[in-house]
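Chain by chain, the residues run as shown.
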Amino acid sequence: AAGAGQRPQAQPGLLSRSEQALLSIDRAREDAVQAAIRDERFRAELITNVSHDLRTPLTSVLGYAELLKNETLSPQGAAALNNLCVKAGYLRDMIEDLFSLTKVSTGQIQQKREPLDLVKLAEQTLGLLDDEISKKALQPRRHYDTDSVIVVSDGAMLHRVLDNLIGNAVKYTPAGARFHIYVSAAAGAAELRVVNTANYEMDFDVSEITGRFVRGDKARATRGSGLGLAIAKTYTEAVGGSFRVAVDGDQFTAALSIPTEN
C-alpha cells in the first residue's frame, strides 16, 4: 500500500487492459446497434413485401365478389356474399394501414409542412363521421379556445390522426353519451385532446396501447385491428409532434401536440 502522502503507482499494463475493455464494450455496443438496425429493416421489408403480395389475391377476391352481386343468389347466398365482402374489405383496410404505417415509420414517405387550421380539420372529421355519430345518438362536445388554430403539419397525415382518434371515440363511446374534443394553443404548439368514456373495461397498459396490434378491447367485441393508435402516434411524431394517451377510471384521453411554426 502507498504510504501517507504518496501517490499510487499505476501497475504495468493496467491502462492498456482498461483501454482494451472499453474498446471491447464500444465494439459490442456498435454491433448491437447495427444488429437492431438490420432487424428493423428486415421487419420493415418483410411487412412491406407481405402486404404487397396480399394485395393482388385480395383484389381478385373483391373483384369476383362484386361480379357475384350481379348473379341471382338465394337469400342465404346473398347474405354469405355480403359477409365475404365485409370481411375482405376489413382485411384490405388492415393491410393498407400496416403498409402505410411501415412506410412512415421507416422514413419512406416524405412529410409535407404546410399551414393548417386544427379547428377546421376537427370539424371536417366530425362531419365525415356524422352518420356514425347519428346512428349512436352521440353528443360531441367542442371545447375550442379560439375559432382558428393554425399549425404547421402534413394535411393528409394529420387528417388520418384525427380520423383515428375521433373515430375511436365514436366507436367506443356508449350510445347516447357524450365525447369531448378540446383544442388549445400555447407558445409554439397547439394541442388537441379527444376524451370519451369507454363502453368496455380498460384493463390495458397505457405504455403499450400505442403499439402495433395492441387493443384496449381485449375481448375483441368490436371491430378493430389494433393499429389505430399506433398510426396516430407514428404519424404525429413523423410531422414533429408528440402523442400521448391517459386513462382515468372509465375515461380515455388521446392527445396530440403539433408545432404552430416551422
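Since this is a predicted model, take the numbers as computed values, not measurements.

**Side note on the overall build of the protein**
Helix and strand content of the protein: six helices and seven strands. Across the 262 residues that make up the protein, the buried fraction comes to 33%. For the protein, the computed accessible surface area is about 15800 Å², with 52% contributed by carbon and sulfur atoms.

**Remarks on the sheet that holds strand E2 (residues 139-144)**
Pairing is mixed across the open sheet formed by five strands, whose spatial order is E2-E4-E5-E7-E6. Whereas interior strands pair on both sides, the edge strands pair on one side only; in this sheet they are E2 and strand E6 (242-248). Recorded for the sheet is a direction-independent mean angle of 15° between the axes of neighbouring strands. Where E6 meets strand E7 (residues 251-259), seven bridges bridge the pair, whose relative direction is antiparallel.

**Remarks on the packing of helix H5 (residues 155-172) against helix H6 (residues 228-238)**
With their axes 9 Å apart at the nearest point, H5 and H6 run at an angle of 150° to one another. The handedness of the crossing between H5 and H6 comes out as left-handed. On the side of H5, the interface is formed by Met157, Arg160, Val161, Asn164, Leu165 and Asn168, while H6 contributes Gly228, Leu229, Ile231, Ala232, Tyr235, Thr236 and Ala238. Per-class residue counts for the contact of H5 with H6 are eight nonpolar, four polar and one charged.

**Digging into unusual backbone geometry**
Of note in the backbone geometry, Ala137 takes a positive phi value of approximately 55° without being a glycine. With respect to the helices and strands, Ala137 occurs in the loop between helix H4 (130-135) and E2. For Ala137, a relative accessible area of 47% gives the class partly exposed.

**A closer look at the confidence of the model for the protein**
Per-residue pLDDT for the protein averages 77, and the proportion of residues at 70 or more is 69%. When pLDDT is averaged over each element of the protein, E2 comes out on top at 95 and helix H1 (residues 14-68) at the bottom at 68. Segment residues 7-11: pLDDT under 50, and zero contacts once partners within four positions in sequence are set aside and those in other chains are kept. Below pLDDT 50 for its whole length, residues 211-216 participates in 31 contacts with residues either more than four positions away or in separate chains.

**Structural notes on the pairing of strand E4 (residues 178-186)**
In the sheet, E2 pairs with E4 via six bridges, with the strands oriented parallel. Each bridged residue has a counterpart across the sheet, and for Pro140 the counterpart in E4 is Phe179. In the sheet, E4 pairs with strand E5 (residues 189-197) via eight bridges, with the strands oriented antiparallel. Its bridge partner being in E5, His180 is matched across the sheet by Val195. Following E4, the chain reverses through two residues before pairing antiparallel with E5; Gly188 in that reversal takes a positive phi of roughly 85°.

**Topic: the environment of Asn199**
Here Asn199 is to be found in the loop between E5 and H6. Taking the relative accessible area as the measure of exposure, Asn199 reaches 40% and is therefore partly exposed. Asn199 sits 24 residues away from Ala175 along the chain, and the two C-alpha atoms are 8.8 Å apart. Setting aside its immediate chain neighbours within four residues, Asn199 contacts Lys136, Lys171, Tyr172, Thr173 and Pro174.

Definitions and limits used
Residues numbered from 1 in each chain as written. Predicted model: local features only at pLDDT ≥ 70, side-chain atom pairs only at ≥ 80, totals over all residues. Heavy atoms only, no water. Helix = DSSP H or I, 4+ residues; strand = E, 2+ residues; numbered from the N terminus. Buried < 20%, exposed > 50% of the residue type's maximum accessible area, 1.4 Å probe, protein only. Areas by Shrake-Rupley, 256 points an atom, 1.4 Å probe, with all protein chains shown as cover. Pairing = 2+ DSSP bridges. Axes fitted to C-alpha atoms, helices over the stretch in contact; angles between N-to-C directions. Left-handed = near helix turned anticlockwise from the far one by under 90°. Contact = heavy atoms within 4.5 Å. Nonpolar A, V, L, I, M, F, W, Y, C, P; charged D, E, K, R; others polar. pLDDT = per-residue confidence, 0-100.

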